[in-house]
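# Structural characterization, general
Given next are the chains, with one letter for each unit.
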Amino acid sequence: MVKKAPKPLSVASLLLVALAIFVVTTGLALSALVGFINWQARDLQQQTESALFASLQAEFQVTYREVVSLLDNHRPTFVALHREALALVGDDLDGLEVERLHAQLRDASDTPFDIYLIGPDLTIHQTTYLADLGLDFNHPTLVDGRMLIERAARTGDVLVAPPMLELLARNFRVYTYAPIGDSGYTLQLGFIPEDVNARLAALDQDLAERTLFDINLHFLMWDEWMLPLRGHLSEADDKNLALANQYEHNRQAARRMQRAYRQDAPYQISRRPTPRYYLPVMRLSSEDQLPVILMAEITLHTDAVAEARRALVFVVAMVMLLLIGLAVIANLVLRRSIAKPLRRLSAAMEAWAPFNLQGGGQRIAELQSLAVHYNTLLNSARSTIMGLDEELQTDGLTRLASRLRTENELAVEVRRCARVQTPFSIVFIDLDYFKQVNDTHGHLVGDDVLRKAANVLSQRCRHADTLGRWGGEEFLLLCRGASRDEAAVLAEVLRQAIRQTPMLHGESITASFGVADYRPDDTVESLVERADQALYRAKNEGRDRVAVAD
């Protein structure tokens, strides 16, 4: 005997039952009123906090602009003094003593400074600031200094870093870097601008006197670790060990600060006993340097939301005692019949998985219909997406990477090279006189030539390379890890392969190649433009050749 399935109920029927239960209680009106008052209190708190945060951000930014203005006035003096130091050092590293050099330069600067001699191993060999003696720039916390040392070695000129907080002395310093000839050594000067430190100390003192909140300033270093403005270390501490401890102990707080900076809004750390936030103030480093972000940790002394909530606790408790029994029953019915199936359906949608309706949801006609329609649409969408993805990623004629895929991979490589300095080159390939092939032999023959050329090129490319059809008779080859010269050698191999392979009624054709490599300031457009210009030059010089961008 087949058991007769129960007749499904509609969502409207269940909601009417739930509504009848709640209507008999006058406490709902009071609960709504309590919720409204609580919401108003929270909204008032948020508005107050937003106004406070905006005021603090503006105050910090004004101060920093004043600091930048002061540093701009100092910059020519710092650079001139560094060049004078280089001139005094000359090529005589054996006789270099930083104390004697400091004495020779002391009268030439109104700003106190220290001198550092950094060896090829990126450690400080000599310095007038003994706390930094032996400091190793290979440590993760000093990656900015290491980058400036390497950049100064490449440019051969004096580089000026943004102001940085000295971990032990707790003052701000401006460091300049320049190589000493071709010796591999770097001369670093650390200036202590007293007017800048006085301005920042005044700001810190002013913040300490605020009564509505406590505030501490931190520096978020390269999205990885946090350096507090106030510290308990002294110049007697081992700096390498101090840096390591700061790096390890503050990384979790740094991740929270990073989240606040990325969302460009205050990030709440805690609400109890008093609200505490991380507030992003501004980026201190330039765009071509590792990010150094000024962050503020703010602890408010009052919480209007908590005070309003405590005032309403007694009233709400009395009402909730009356409603708790009915609320539990209504919650169980709605959760088992509607909420639970809907949550399972939502999870299935997020995972793109089929949905099987179970439990009390089987009695609801709307849920049954929704499950059937969802599963039907899911199957249809999967089939459609699979076909579209294949069509978008692959060129239909040559079966090479499509232009869309090639452009996407090129953009990824350019961004990667901007972060990690590894060689990368591209090669533009254009079949010579291809229009004449189409005009003389027809487009079907031209398509066959394109397929054969694509096959020859793909067979001789490296495994790590990507070969895509750029358009018409043009191809683009992405040479990962290849320098310009290596890419040119590969292009020559491809050119000879095209020339030696019969493609048109037993005869071969020729192709022209344009090679360009990635440079630090390149964008996708500039890199493609230089390769295209090289290809144009190869065409003008007689075709069937490889041209390399300057």
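Going by the structure above, here's the rest.
Quick notes on the rules
- Residues numbered from 1 in each chain as written.
- Predicted model: local features only at pLDDT ≥ 70, side-chain atom pairs only at ≥ 80, totals over all residues.
- Heavy atoms only, no water.
- Disulfide = S-S within 2.5 Å.
- Core = buried A, V, L, I, M, F, W, Y, C linked by side-chain atoms within 4.5 Å.
- Buried < 20%, exposed > 50% of the residue type's maximum accessible area, 1.4 Å probe, protein only.
- Helix = DSSP H or I, 4+ residues; strand = E, 2+ residues; numbered from the N terminus.
- Contact = heavy atoms within 4.5 Å.
- Pairing = 2+ DSSP bridges.
- Axes fitted to C-alpha atoms, helices over the stretch in contact; angles between N-to-C directions.
- Parallel < 35°, antiparallel > 145°, perpendicular 65-115°, else oblique.
- Nonpolar A, V, L, I, M, F, W, Y, C, P; charged D, E, K, R; others polar.
- Patch = residues over 30% accessible without salt bridge, like charges linked within 9 Å, V, L, I, M, F, W, Y side chains within 5 Å.
- Areas by Shrake-Rupley, 256 points an atom, 1.4 Å probe, with all protein chains shown as cover.
- Salt bridge = Lys/Arg side-chain N within 4 Å of Asp/Glu carboxyl O.
- Lys, Arg positive; Asp, Glu negative; His and termini not counted.
- Charge placed at Lys NZ, Arg CZ, Asp CG, Glu CD.
- Polar contact = N/O pair within 3.5 Å; in protein donor to acceptor, adjacent residues only side chain to side chain.
- Expected span 1.5 Å × (residues − 1).
- Arc of directions from axis to C-beta.
- Phe/Tyr/Trp six-rings, centres within 6.5 Å; stacked < 30°, edge-to-face > 60°.
- Left-handed = near helix turned anticlockwise from the far one by under 90°.

What follows covers the state of the cysteines. Evaluation of the coordinates by the stated rule reveals zero disulfides. With no disulfide of its own, Cys479 lies 7.3 Å from the sulfur of Cys461, the closest cysteine sulfur.

Counting residues in hydrophobic clusters, the biggest one holds 31 residues, and the most contacted among them are Val427, Ile429, Leu431, Leu467, Phe475, Leu477 and Ile498. Those elements that provide at least two residues to this core are strand 12 (424-431), helix 11 (434-441), helix 12 (443-460), strand 14 (474-480), helix 13 (484-500), strand 15 (502-504) and strand 17 (511-517). Those residues in contact with Leu477 that lie beyond four places of it in its chain are Ser425, Ile426, Val427, Cys461, Asp465, Thr466, Leu467, Leu490 and Leu494. Within the second largest apolar cluster, 26 residues are counted, among which are Val67, Phe78, Leu81 and Val98.

Once that is clear, we can look at the pairing of strand 14. Within strand 14, five of the seven residues are buried, which leaves it mostly tucked inside the rest of the structure. Where strand 12 and strand 14 come together, seven bridges link them in antiparallel fashion. The residue of strand 14 that forms the bridge with Ile426 is Leu478. Here strand 13 (residues 466-471) pairs with strand 14 via five bridges, running antiparallel. Bridge assignment links Leu467 to a residue of strand 14, and that residue is Leu477. A loop of two residues connects strand 13 with strand 14, the two strands running antiparallel in sequence, and Gly472 in this loop sits at a positive phi of about 60 degrees.

Below, the discussion takes up the sheet that holds strand 12. Strand pairs in the sheet, formed through backbone hydrogen bonds, run parallel or antiparallel to each other. Read across the open sheet, the five strands follow the order 13-14-12-17-18; overall the sheet is mixed. This sheet does not close on itself; its edge strands, each paired only once, are strand 13 and strand 18 (546-548). Shown here is a sheet whose adjacent strand axes are inclined to one another by a mean of 20 degrees, direction ignored. Strand direction decides the pairing type here: strand 17 and strand 18, joined by three bridges, are parallel. Its bridge partner being in strand 18, Phe513 is matched across the sheet by Val546.

Close contact between helix 11 and helix 12 brings their axes to 7 Å; oriented N to C, the two are set at 140 degrees. The orientation of helix 11 relative to helix 12 falls into the category oblique. Mapping the contact onto sequence places Phe434, Val437, Asn438 and His441 in helix 11 and His443, Val445, Gly446, Val449 and Leu450 in helix 12. Class assignment of the residues belonging to the contact of helix 11 with helix 12 gives a composition of five nonpolar, four polar and no charged.

Taken together, the side chains of Arg336, Lys340, Arg343 and Arg344 define a basic patch exposed on the protein surface. Within the element layout of this structure, Arg343 appears in helix 8 (residues 304-350).

A separate point is the pairing of strand 5 (residues 172-179). Most of strand 5 is tucked away, with eight of its eight residues classed as buried. As judged from the two bridges shared by strand 4 (residues 164-165) and strand 5, these two strands associate in the antiparallel manner. What sits directly across from Met164, in strand 5, is Arg173. In the sheet, strand 5 pairs with strand 6 (residues 186-191) via six bridges, with the strands oriented antiparallel. Considered in strand 6, the bridge of Tyr177 is made with Gln188. The turn joining strand 5 and strand 6, which pair antiparallel and follow one another in sequence, is formed by six residues; a positive phi near 60 degrees is taken by Gly181.

Right, let's talk about the side chain of Asp432 for a bit. Secondary-structure assignment places Asp432 in the loop between strand 12 and helix 11. Polar contacts involving the side chain of Asp432 include one to the main-chain amide nitrogen of Ala511, which spans 3.4 Å. Of the polar contacts made by the side chain of Asp432, one reaches the side chain of Ser512; its length is 2.7 Å. In contact with Asp432, not counting residues within four places along its chain, are Thr510, Ala511, Ser512, Lys539, Arg543 and Asp544.

Here the focus is helix 5 (residues 194-208). Counting along an α-helix, one turn takes 3.6 residues, and residues three or four places apart therefore face a common direction. For helix 5, spanning 15 residues, the distance from its first C-alpha to its last is 21 Å, which sits close to the expected 21 Å at 1.5 Å a residue. Listed as buried for helix 5 are Val196, Asn197, Leu200, Leu203, Asp204 and Leu207. Viewed end-on, helix 5 has its buried residues packed into an arc of 125 degrees, placing them on one side of the element.

So, on to the packing of aromatic side chains. With the rule as written, the count across this model stands at four aromatic pairs. Relative to Phe191, the ring of Phe78 has its centre 4.0 Å away and its plane inclined at 15 degrees; by these criteria the two rings are stacked. Placement of the pair is Phe78 in helix 2 (residues 27-89) and Phe191 in strand 6, with a sequence separation of 113 residues. A residue is classified by how much of its surface remains accessible, and Phe78, at 1% relative accessible area, is buried.

A positive phi angle, near 65 degrees, is found at Leu122, a position not held by glycine. Along the polypeptide, Leu122 turns up in the loop between strand 1 (113-118) and strand 2 (124-127). For Asp544, which is not glycine, the phi torsion reads 50 degrees and is therefore positive. By secondary structure assignment, the location of Asp544 is in the loop between helix 14 (524-540) and strand 18. Residue classification places Asp544 among the buried positions, given a relative accessible area of 18%.

Right, let's talk about the pattern of salt bridges for a bit. For the structure shown, the criterion picks out 19 salt bridges. Ionic pairing is found between Glu409 and Arg405, a salt bridge with its closest N-O pair at 3.0 Å. On the criterion of helical spacing, the pair formed by Glu409 and Arg405 is a turn pair, its members being four residues apart in helix 10 (residues 403-419). Looking at Glu409, the relative accessible area reads 19%, which means it is buried. When the shortest N-O distance is used, the salt bridge between Arg462 and Asp465 registers 2.7 Å. Linked through salt bridges whose partners overlap, the residues forming this network are Arg405, Glu409, Glu413, Arg416 and Arg480.

Here the focus is the packing of helix 12 against helix 13. Interaxial distance between helix 12 and helix 13 falls to 10 Å at its minimum, and their mutual angle equals 140 degrees. By the angle between their axes, helix 12 is oblique relative to helix 13. Crossing geometry of helix 12 relative to helix 13 is assigned as right-handed. Contacts between helix 12 and helix 13 pair Ala453, Val456, Leu457 and Arg460 from the former with Leu490, Leu494, Ala497 and Ile498 from the latter.

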